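# Working through the structure, step by step
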Amino acid sequence: MIDTPDTYVRERATEGRKDLRYPAAPAPLAVPVYDNHCHLEIADGEVGLSLQEQLDRAQAVGIAGVVQASGDVESSRWAVDAAESDPRVLAAVAIHPNDAPTYAEAGRLDEAIAVIDGLAARPRTRAIGETGLDYFRTEEPGRAAQHTSFEAHIALAKKHGIAMQIHDRDAHDDVLETLRRVGAPDRTVFHCFSGDAAMARICADAGYYLSFA
Ligand SMILES: [Zn+2]
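In this report, we go over the structure that sits alongside the text. (Residues numbered from 1 in each chain as written. Predicted model: local features only at pLDDT ≥ 70, side-chain atom pairs only at ≥ 80, totals over all residues. Heavy atoms only, no water.)

Here the focus is helix 4 (residues 109–120). Spacing of three or four residues puts side chains on the same side of an α-helix, whose turn is 3.6 residues. With 12 residues, helix 4 ought to run about 16 Å at 1.5 Å a step, and its terminal C-alpha atoms sit 16 Å apart, in line with that. Those residues of helix 4 not exposed but buried are Leu-109, Ala-112, Ile-113, Ile-116, Leu-119 and Ala-120. Taken down its axis, helix 4 places every buried residue within 115° of arc, on the same side. Lining the buried residues of helix 4 we find helix 2 (73–85), strand 5 (89–93), helix 3 (100–105), strand 6 (125–134) and helix 5 (140–160). (Helix = DSSP H or I, 4+ residues; strand = E, 2+ residues; numbered from the N terminus. Expected span 1.5 Å × (residues − 1). Buried < 20%, exposed > 50% of the residue type's maximum accessible area, 1.4 Å probe, protein only. Arc of directions from axis to C-beta. Contact = heavy atoms within 4.5 Å.)

Our next topic: the pattern of salt bridges. Inspection of every chain in the model, using the stated rule, returns 9 salt bridges. Residues Arg-143 and Glu-140 are paired through a salt bridge, measuring 3.6 Å at the closest nitrogen-oxygen approach. Here Glu-140 and Arg-143 lie together in helix 5, a separation of 3 residues that amounts to about one turn. For Glu-140, a relative accessible area of 56% puts it in the exposed group. The shortest N-O distance in the salt bridge between Arg-181 and Glu-177 comes to 2.8 Å. (Salt bridge = Lys/Arg side-chain N within 4 Å of Asp/Glu carboxyl O.)

Once that is clear, we can look at the layout of surface pockets. Estimates place the volume of the largest pocket at around 740 Å³. Every element with two or more residues in the lining of the largest pocket is listed here: strand 2 (33–38), helix 1 (51–60) and strand 4 (63–68). The greatest single-element share of the lining of the largest pocket, amounting to 5 residues, is contributed by helix 1. Broken down by class, the residue content of the lining of the largest pocket amounts to 17 nonpolar, 2 polar and 4 charged. Together, 19 residues line the second largest pocket, and His-39, His-96, Glu-130, Arg-137 and His-167 are the ones closest to its centre. Listed by contribution, the elements that provide at least two residues to the lining of the second largest pocket are strand 6 and strand 7 (163–169). Tallied by class, the residues present in the lining of the second largest pocket amount to 2 nonpolar, 8 polar and 9 charged. (1 Å grid on protein atoms, 1.4 Å probe; cavity = no way out; pocket = protein on both sides within 12 Å on 5 of 7 lines; lining within 4 Å. Points joined across faces, edges and corners; volume = space filled by probe spheres on them. Nonpolar A, V, L, I, M, F, W, Y, C, P; charged D, E, K, R; others polar.)

This is the structure in structure tokens:
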């Protein structure tokens with residue numbers, strides 16, 4: 001079932017978060033920018049805002065558009081629907097590294113990646129993401145599935161000629177090794193970069209982009 005962009009596929013865990021009110025809007029940016037990594041499907045705030053309302057609020061302070069990142073089949077479909085419903089949204093589609101073991105355990109990883117392949121062909125899909133490796137949340141038994149999924153996603157980004165957003169948590173060496181071994185897509189973004197200066201240098205020399213969010 002495909003959710004329409006106005007219904008949310010996820011709800012953020014609210015334990016320990018006492019104040020759910022949105023902060024006041026900041027001063028508008030000096031120049032308009034695109035936010036290359038959003039999760040607008042997550043219901044947040046005391047009352048969840050619609051996709052339209054979120055985009056309107058962002059646009060009012062200089063966010064001209066967003067790339068909606070995904071982590072499973074449902075959120076990837078949501079991202080494509082959102083991108084096709086509003087010109088301010090572009091879609092990134094993927095199975096998240098922490099979701100890959102769950103699909104693999106159910107014997108459904110290949111099927112899920114095939115769905116991502118189909119969604120990656122849609123005209124408003126401009127990135128594969130987020131994909132990568134996460135050794136912080138996934139223990140040893142799940143890591144083989146992460147590696148399989150990561151390499152399959154790298155192949156999809158190249159096949160469709162689109163960018164790739166990497167999620168790398170406590171897995172710097174293996175992420176870099178994988179990219180070196182199989183070859184990175186032309187446009188590779190380390191989302192929420194968490195490496196040190198030496199790793200940043202390696203990434204910069206390889207032509208990868210680093211983002212802090
Ligand atoms: Zn993300």
